[in-house]
Amino acid sequence: MMEAMTVPATGASPEPAYAPRASFHDELFDADGSPRPVAAPLVAALERLGPAGLGDAGRRRDAIFMQQGITFETVGEDGPSRERPFPLDLVPRILSGPEWRSIKQGLAQRIRALNHFVDDVYHGREIVREGIVPWSLVAGRTHFARAVHGIRPPGGVYCHVAGCDLVRDSDGSWKVLEDNVRTPSGISYVLENRVAMARLVPELFAAYRVRPVDQYPQLLLAALRSVAPSADSEATVVVWTPGPLNSAYFEHAFLARQMGVELVEASDLVVRDDVLYMRTTRGLERVHAVYRRLDDDFVDPLEFRPDSMLGVPGLVRAYRAGTVAIANALGTGVADDKAVYHYVPEMIRYYLGEEPLLENVRTYLLTDPEQLEYTLARLDELVVKPTGESGGKGVSIGPSATDEELARLADAVRANPERWIAQDVVKLSTVPTAGRDGRLAPRHVDLRPFAVFGERIDIVPGGLTRVALEEGSMIVNSSRGGGSKDTWVLEDGEADDRAESRLPDPLPPALPDLRYGGWTGQAQQQQQQQQDGTA
């Protein structure tokens, strides 16, 4: 357990003075280097702390994170590298209450539309019949799951957990960069970041009333129980992990522990007569809801990949029979495909009859010959992404790519244009970030808020701010060497605001039950999953 501590103030201010990057929106400082009004108390506290104090707090953070297993496995050029402490920067990001409210409303609108879209493409396909979204695009997506056609999950909820990625442009406006409704990760770091910040640098909180984030596990548990099939007593919920070799395993274990439910692997589950059960020392126990943390391809070898050793044979049959709820619902991956993303504003207009509250980044679909030629002529100016990947894999940022890299990219795009999209480069906003020596420098950030959809949509205040730790880099993905920040949403007196009253002690994660064997095959499958880029 992390011990409470206060880093002694040094009285020294950062030298040289912090200088915002020209032509980028800095969230704590104006262009002339003066603190923005909302950031003035934080900047004063950082100056009192000084570089030496921040550096010392950072070293304590790393030691504690390694001891507690709060780690992440980065991906290098030659494959996975060793685990490292999850890199939390100790300078928080601040969002005002009104600003957060507009973000929250835009996210809830978007998630409702995406949920309608998933239901529609596996049932009536009305949006296709109206000519708004091409069926060839939907059916050609990697994560379109024909095996679940016609299945409507309990409560009609597909996107139980969503983590849309937002960016702030040079003019300060917010835009949606990507939608993540398959198995979005990162919420455990949001919760641990807050606990760590309160204990490593408590003096930074002194002048602020910050909205809490610790309610997420209970929101998730309530959402899972709300969609679970009826039970004689309280519904049994489990968290399903691929196992310890998965790069986000810490989060799987953390969430199971925080919700007070079992963490299971495939060997712990079995389907009998179209009902899912969990093996226990007392015999079989029925499972009503599963929070899964593996992709569709691996969940059931009878319906998806027949070589999957991570899956539970017959699970889709039980799901189709309505005896178990699965979150997120099978087939939701079609909605976070990067080509489908282009159509989300039209989905909002079609399903909700509303104008989008959050804009997309301008996106080019390369199946269109004109947009393809436009992109090929400007590869050095655009961001090009593979449509079915996540975690920053395969992304090319034109202005920072070499001529050789651009030539290879052009060949790949010409060969399979349907597998790629292009986007305008967003000049990501910056937030002061502490280096190893504690000195501050501007680094680019994005934001992944987390929403839980049960009986209603609840969005945890703030979310995971990811930060590119290398100077000038726009790659914020944790798996590609990025870090994170604690995101503060300030109380503003609204009914759903409450200030932080206490920060709970983090519970240690429970280890998975490996009593039922099969581990060697599962380890091989997890390695295969990582190589396929799906982990």
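In what follows, the structure referred to is the one given above.
These remarks concern the structure in this document.

What counts, and at which threshold
- Residues numbered from 1 in each chain as written.
- Predicted model: local features only at pLDDT ≥ 70, side-chain atom pairs only at ≥ 80, totals over all residues.
- Heavy atoms only, no water.
- Helix = DSSP H or I, 4+ residues; strand = E, 2+ residues; numbered from the N terminus.
- Contact = heavy atoms within 4.5 Å.
- Areas by Shrake-Rupley, 256 points an atom, 1.4 Å probe, with all protein chains shown as cover.
- Pairing = 2+ DSSP bridges.
- Axes fitted to C-alpha atoms, helices over the stretch in contact; angles between N-to-C directions.
- Buried < 20%, exposed > 50% of the residue type's maximum accessible area, 1.4 Å probe, protein only.
- Salt bridge = Lys/Arg side-chain N within 4 Å of Asp/Glu carboxyl O.
- Parallel < 35°, antiparallel > 145°, perpendicular 65-115°, else oblique.
- Nonpolar A, V, L, I, M, F, W, Y, C, P; charged D, E, K, R; others polar.
- Polar contact = N/O pair within 3.5 Å; in protein donor to acceptor, adjacent residues only side chain to side chain.

## Observations regarding the overall build of the protein chain
In step 1: The number of helices and strands found in the protein chain is 12 helices and 24 strands.
In step 2: For the protein chain, the proportion of contacts with a sequence separation of at least 24, taken over those separated by at least 6, is 72%.
In step 3: With the model as given, the accessible surface of the protein chain reaches about 21,700 Å², and the carbon-plus-sulfur share is 48%.

## Considering the sheet that holds strand β22 (residues 457-459)
In step 1: Spatially, the three strands line up as an open sheet ordered β4-β21-β22, and their pairing is antiparallel. On the outer flanks of this sheet lie β4 (161-162) and β22, each paired with one strand and no other.
In step 2: Sheet topology places β4 next to strand β21 (residues 451-453); two bridges connect them, and they run antiparallel. Within β21, the residue paired with Ala162 across the bridge is Ala451.
In step 3: Against the sheet, helix α2 (residues 97-121) touches β4, β21 and β22, its axis set at about 140 degrees to β22.
In step 4: Packed on one face of the sheet, helix α6 (residues 216-227) meets β4, β21 and β22 and runs near 25 degrees to β21.

## With respect to the pairing of strand β19 (residues 430-434)
In step 1: Most of β19 sits inside the fold, with four of its five residues counted as buried.
In step 2: Counting the residues in the hairpin turn of β19 and strand β20 (residues 440-448) gives five residues, including Gly438, whose phi is positive at 85 degrees.

## Points about the pattern of salt bridges
In step 1: Taken as a whole and assessed by the stated rule, the structure comprises 32 salt bridges.
In step 2: Note that Glu27 and Arg93 form a salt bridge whose closest N and O atoms lie 2.7 Å from each other. Here Glu27, found in the segment before α1 (40-68), pairs with Arg93, found in strand β3 (residues 88-95); they are 66 residues apart in sequence, far enough to count as distant.
In step 3: Classification of Glu27 by relative accessible area gives buried; the value is 5%.
In step 4: Here Asp486 ties to Arg194 by a salt bridge, and the two come within 2.9 Å at their closest N and O atoms. One end of the pair, Asp486, is in strand β24 (residues 483-489); the other, Arg194, is in helix α5 (residues 187-200), and 292 residues separate them in sequence.
In step 5: Look at Asp486 and you get buried, because its relative accessible area is 2%.

## Some remarks on the packing of α6 against helix α7 (residues 249-259)
In step 1: Axis separation between α6 and α7 bottoms out at 9 Å; the angle between their running directions is 80 degrees. Considering the angle they form, α6 stands roughly perpendicular to α7. Across from Tyr216, Pro217, Gln218, Leu220, Leu221 and Leu224 in α6, the residues of α7 making contact are Leu255, Gln258 and Met259.
In step 2: A breakdown of the residues in the contact of α6 with α7 according to their chemical character gives seven nonpolar, two polar and no charged.

## Remarks on the sheet that holds strand β8 (residues 262-264)
In step 1: Taking strand neighbours across the sheet as the criterion, the four strands line up as β8-β7-β12-β13 in an open arrangement whose pairing is parallel. Single-partner strands in this sheet number two, and they are β8 and β13 (325-327). Ignoring which end each strand starts from, the neighbouring axes of this sheet average 25 degrees apart.
In step 2: Bridge analysis of strand β7 (residues 237-240) against strand β12 (residues 289-292) gives four bridges, and the strand direction is parallel.

## Topic: the side chain of Arg110
In step 1: Relative to the helices and strands, Arg110 is located in helix α2.
In step 2: Given the relative accessible area of 1%, Arg110 is considered buried.
In step 3: Among the polar contacts made by the side chain of Arg110, one reaches the side chain of Asn360 at a distance of 2.9 Å.
In step 4: If sequence neighbours within four positions are ignored, Arg110 has contacts with Cys164, Val176, Asp179, Tyr341, Val344, Ile348, Leu358 and Asn360.

The values reported here are purely geometric and, on their own, carry no functional implication.
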